[in-house]
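So you can see what is in the structure, the chains are spelled out below.
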Amino acid sequence: MRAEFRRIRRAVGLALLGLGVSGALPAYGASPADSYPAKPIRLVVPFPPGGGTDVIGRMVAARLSTVLKGTVVVENVAGATGTMGVAQVARAAPDGYTLVLGISATHAIAPSIFPKLPYDPLRDFVPISRIAYGGNVLVANTSLPAHDVHALIALAKKPGADLTYGSWGPGSGGHLAGESLNVSAGVHMRHVPYKGVAPMLNDVMGGTLPVAMSDLAGTLALIRSGKVRALAVSGSERSPALPDVPSFAESGIAFRVDSWYALFAPARTPPAIVDKLESAMQEAMRDPALQAQIGTFGMRYAPISRAQFSTQIREDTQAWSSLVKSSGAALE
């Protein structure tokens, strides 16, 4: 039988050479991951350039390129609070050459707030690796007479007050954190959705928007330079990047859900390629320089397996769903 197989294999190889086909047949039992990546990998960042997701996506792409000895190219596909770019990746060929940098808003919050979400985060994607986690930050224009969240609440409760707060889109973690503040404090600050962090922060600095819930990565430089004022951070604890800024929890605001960044591939991507990507991400994230870069943006890195992260996604989806229902948050 073996001799017959070798005879047939040799005959096919000679026939292909006769047809001008270059290259040898793949070795018996070869894995599709053996030659991966054989071309550039496209990493979709589903938000505009300049925000925290974009910054972290580019840091990860650079390190992943080195580990894989290939090229990882970042492409910004913004729109609909990140769901447009994520939907595009859900429809991409599951070959490992199109990935997406997802966040809690696109993969845990979106199912509860978008009635016609064009993808199923659990069914249409396989998680590769959680990259970082942490909270968001409540910032204000420096002329606003509020230096902490309690002073902000007092302003919002004044007769005739019509305070607005911005987020980087309807259904984002910033939107829900703002609504949680409204519910917990018994106030009604109107939500103003933006198409990204950068234009929102421009309006805060310019005074058009008094308050905003922003991601830490895109905001820290402005806080440190005194261009905006930090009032509180969301999440379960203070950020190591802003140790003097209290958390929502210690300020009496019932909001403890952390946001995260993670790498995803389309469902049905070959398991061998998924395993190779996970291994490459683990190696990339062990780089002290990358961990330090992530820390400068107020985020944390903690190793977690793919199975553990899958469980976290399901648990976070339930937690955000409960928050959406209790706050009455909806698309504007």
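Notes on the structure follow. The structure displayed is predicted, hence computed values, not measured ones.

## Section: the overall build of the protein
When helices and strands are counted, the protein shows 11 helices and 10 strands. Considering the protein as a whole, with its 332 residues, one finds that 54% of them fall into the buried category. For the protein, long-range pairs separated by at least 24 residues make up 76% of all intrachain contacts whose partners lie at least 6 apart in sequence. Summed over all atoms, the accessible surface of the protein reaches about 14800 Å², with 56% contributed by carbon and sulfur.

## Focus: the sheet that holds strand β3 (residues 98-103)
On the basis of which strands lie adjacent, the open sheet formed by 5 strands has the order β2-β1-β3-β10-β4 and mixed pairing. Of all the strands in the sheet, the pair left with one neighbour each is β2 (72-76) and β4 (125-134). Taken pair by pair, the neighbouring strands of this sheet meet at an average axis angle of 25°, ignoring direction. With 8 bridges joining them, β4 and strand β10 (residues 259-266) adopt antiparallel strand pairing. In the sheet register, R130 faces β10, and the bridge partner there is A262. Sheet contacts for helix α4 (residues 104-113): β3, β4 and β10; angle to β3, the most-contacted strand, approximately 65°.

## Considering the side chain of D215
Secondary-structure assignment places D215 in strand β8 (residues 211-215). Buried charged residue D215 carries no salt bridge. Nearest counter-charge: R58, at 12 Å. With residues up to four places along the chain from it excluded, the contact list for D215 reads G51, G52, T53, N136, V137, W168, V197 and Y261.

## Considering the packing of helix α2 (residues 52-68) against helix α9 (residues 271-285)
Close contact between α2 and α9 brings their axes to 9 Å; oriented N to C, the two are set at 115°. What the angle tells us is that α2 and α9 run roughly perpendicular. As for the relative orientation of α2 and α9, their crossing is right-handed in sense. From α2, V60, R63, L64, V67 and L68 reach across to α9, where they touch L277, A280, M281, E283 and A284.

## A closer look at unusual backbone geometry
The omega torsion of the bond from Y36 to P37 falls at 0°, within 30 degrees of zero and hence cis. Its place among the elements puts P37 in the loop between α1 (2-18) and β1 (41-45). Positive phi, normally seen in glycine, also occurs at K69, with a value near 55°. Summarising the element assignment, K69 is placed in the loop between α2 and β2. For T81, which is not glycine, the phi torsion reads 55° and is therefore positive. Position of T81 among the secondary structure elements: in the loop between β2 and α3 (83-90). When its relative accessible area of 7% is taken as the criterion, T81 is described as buried.

Analysis parameters
- Residues numbered from 1 in each chain as written.
- Predicted model: local features only at pLDDT ≥ 70, side-chain atom pairs only at ≥ 80, totals over all residues.
- Heavy atoms only, no water.
- Helix = DSSP H or I, 4+ residues; strand = E, 2+ residues; numbered from the N terminus.
- Buried < 20%, exposed > 50% of the residue type's maximum accessible area, 1.4 Å probe, protein only.
- Contact = heavy atoms within 4.5 Å.
- Areas by Shrake-Rupley, 256 points an atom, 1.4 Å probe, with all protein chains shown as cover.
- Pairing = 2+ DSSP bridges.
- Axes fitted to C-alpha atoms, helices over the stretch in contact; angles between N-to-C directions.
- Lys, Arg positive; Asp, Glu negative; His and termini not counted.
- Salt bridge = Lys/Arg side-chain N within 4 Å of Asp/Glu carboxyl O.
- Parallel < 35°, antiparallel > 145°, perpendicular 65-115°, else oblique.
- Left-handed = near helix turned anticlockwise from the far one by under 90°.

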